[in-house]
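What the coordinates show
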Amino acid sequence: MDTGLLIVRAVIGLILVGHGVQKLFGWFGGHGLSTTGQGFGALGYRPGTLFAFVAGTTEAGGGLLLALGLFTPLAAAAIMGTMLNAALSAHVKKGFWLANGGYEYTLGLGGVAAGLDFTGAGAYSLDHAAGWTLGGTAWGVFAVALALVTGMATDLYRRRNLAVDRRAGLASAA
């Protein structure tokens, strides 16, 4: 089981590191902070560059912590909150399947992170090396709740910005 947890953490964590550095630095075919910030601003995240920085840092940092198995519930909460915002802002209206731009991928990443909240990082992790037991129902519920509260608060802020824009005639319904 511990080897399986290591593989899941490493694969999902490193994928998220890649997504984060695409936003932050334009690596791996990404757009970098300025262009990503413009896109975030258009989605209602204002200021766009700040929110792009937060999303990129959360993905890269949360992904790295997840891969290392360090502070696993916090890493997973960061990932879940970010994936919730990605799904709500850019993917839900396009349906489920990723081929159509849907939320399938963000749900998969968030779901794996949620599962790791409850299982913990396993024996091959820095949490375990430090002697921390950061898995189980209490940690899982805490991390999921933290992700939902921060993710929904951020999405409500984004939606408020879009509503203000619509009233001012600045944006189409998003």
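Residues numbered from 1 in each chain as written. Predicted model: local features only at pLDDT ≥ 70, side-chain atom pairs only at ≥ 80, totals over all residues. Heavy atoms only, no water.

Focus: the side chain of Arg158
- For Arg158, the location among the structural elements is in helix 7 (residues 137-168).
- On the accessibility criterion, Arg158 (3% relative accessible area) is buried.
- Within the structure, the side chain of Arg158 is placed 3.2 Å from the backbone oxygen of Leu43, a separation counted as a polar contact.
- Setting aside anything within four residues of it in sequence, one finds Arg158 in contact with Leu43, Gly44, Tyr45, Leu88 and Ser89. (Helix = DSSP H or I, 4+ residues; strand = E, 2+ residues; numbered from the N terminus. Buried < 20%, exposed > 50% of the residue type's maximum accessible area, 1.4 Å probe, protein only. Polar contact = N/O pair within 3.5 Å; in protein donor to acceptor, adjacent residues only side chain to side chain. Contact = heavy atoms within 4.5 Å.)

Digging into the packing of helix 1 (residues 2-25) against helix 5 (residues 104-119)
- Close contact between helix 1 and helix 5 brings their axes to 11 Å; oriented N to C, the two are set at 135°. In terms of axis orientation, helix 1 runs oblique to helix 5. Between helix 1 and helix 5 the crossing geometry is left-handed. Counted together, Leu5, Val8, Arg9, Ile12, Ile15, Leu16 and His19 of helix 1 and Tyr105, Leu109, Val112, Leu116 and Thr119 of helix 5 form the full contact between these two elements. (Axes fitted to C-alpha atoms, helices over the stretch in contact; angles between N-to-C directions. Parallel < 35°, antiparallel > 145°, perpendicular 65-115°, else oblique. Left-handed = near helix turned anticlockwise from the far one by under 90°.)

Considerations on the nonpolar core
- With 16 residues, the main nonpolar core has Leu16, Leu66, Ile79 and Met80 as its most contacted residues.
- Elements represented by at least two residues in this core include exactly helix 1, helix 4 (72-91), helix 5 and helix 7.
- Ranked by residues supplied to this core, first place goes to helix 4 with six residues.
- Filtering out sequence-adjacent residues up to four positions away, Leu16 remains in contact with Glu59, Ala60, Gly63, Ile79, Met83 and Leu109.
- Judged by nonpolar contacts, the second largest core, of five residues, contains Tyr45, Phe51, Ala52 and Ala55. (Core = buried A, V, L, I, M, F, W, Y, C linked by side-chain atoms within 4.5 Å.)

Details of the side chain of Thr82
- The topology assignment puts Thr82 in helix 4.
- Residue Thr82 is classed as buried on the basis of its relative accessible area, which comes to 14%.
- Beyond its immediate sequence surroundings of up to four residues, Thr82 is in contact with Ala55, Thr58 and Glu59.

Let's talk about the pattern of salt bridges
- Within this structure, the stated rule accounts for four salt bridges.
- Notably, a salt bridge pairs Glu59 with Lys23, separated by 2.9 Å at the nearest N-O pair. Note that Glu59 is positioned in helix 3 (residues 48-68) and Lys23 in helix 1, a separation of 36 residues in sequence. Lys23 matches Glu59 in its accessibility class, with the two residues each being buried.
- Residues Arg158 and Asp155 are paired through a salt bridge, measuring 2.9 Å at the closest nitrogen-oxygen approach. Taken together, the positions of Arg158 and Asp155, both in helix 7 and three residues apart, correspond to about one turn of that helix. For the pair shown, Arg158 and Asp155 are each scored as buried.
- Through salt bridges with shared partners, one network takes in Asp155, Arg158 and Arg159. (Salt bridge = Lys/Arg side-chain N within 4 Å of Asp/Glu carboxyl O.)

Describing unusual backbone geometry
- With omega at -5°, the peptide bond leading from Arg46 into Pro47 counts as cis.
- Its place among the elements puts Pro47 in the loop between helix 2 (32-42) and helix 3.
- Here the phi dihedral of Phe28 falls at roughly 55°; this positive angle occurs in a residue that is not glycine.
- In this fold, Phe28 is placed in the loop between helix 1 and helix 2.
- One non-glycine residue, Phe71, lies in positive phi territory at about 50°.

By themselves, these observations are geometric and do not establish any function.
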